[in-house]
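So you can see what is in the structure, the chains are spelled out below.
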Amino acid sequence: MSDRESTATTRQRIADALRDDPATASALSTTLGVPASSVYGHLQHVARSVHSDDGEQFLVAPPECRNCGFNAFDDPVNYPSRCPECRSEGIEEAVFKIE
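Note that the structure is a prediction, hence the values are computed from the model and not measured.

### Concerning the environment of T24
Its place among the elements puts T24 in the loop between α2 (10-20) and α3 (25-32). It is 9.6 Å that separates the C-alpha atoms of T24 and V39, two residues lying 15 residues apart in sequence. In contact with T24, other than residues within four places in its own chain, are E93, A94, V95 and F96.

Shown next, in the form of structure tokens:
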């Protein structure tokens, strides 16, 4: 672990991870040792802190229903419990990236 990693906040570590590779909230949870439930809250703050004037964008591939393919969820920086169209609970997680 570098000095930067040891002093970085959880949000900084999430942002750094997303600059390296796209990731889901559960992958970030596993990689960073943070509960998945708190990763979504951190992601909302990271999304607001990324500034387009710095040439960066916070990108989200929205969650998608495995059953019917629905992907127009109201809040892509959240994990839906079921599909509003078919009521299936089989939802693929959103994938996040900073580029």
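Right, picking up where we left off after that structure.
### Quick look at the nonpolar core
Within the largest apolar cluster, 18 residues are counted, with the highest numbers of intra-cluster contacts made by L18, L28, L43, F58 and F96. Elements with a minimum of two residues in this core: α2, α3, α4 (36-49) and β4 (95-98). It is α4 that contributes the most residues to this core, four residues altogether. Discounting residues that sit within four places of it in the chain, L18 has contacts with A23, L28, L43, F58, F96, K97 and I98. Listed in part, the five residues of the second largest apolar core include C65, F70, C83 and I91.

Analysis parameters
Residues numbered from 1 in each chain as written. Predicted model: local features only at pLDDT ≥ 70, side-chain atom pairs only at ≥ 80, totals over all residues. Heavy atoms only, no water. Helix = DSSP H or I, 4+ residues; strand = E, 2+ residues; numbered from the N terminus. Contact = heavy atoms within 4.5 Å. Core = buried A, V, L, I, M, F, W, Y, C linked by side-chain atoms within 4.5 Å. Buried < 20%, exposed > 50% of the residue type's maximum accessible area, 1.4 Å probe, protein only.

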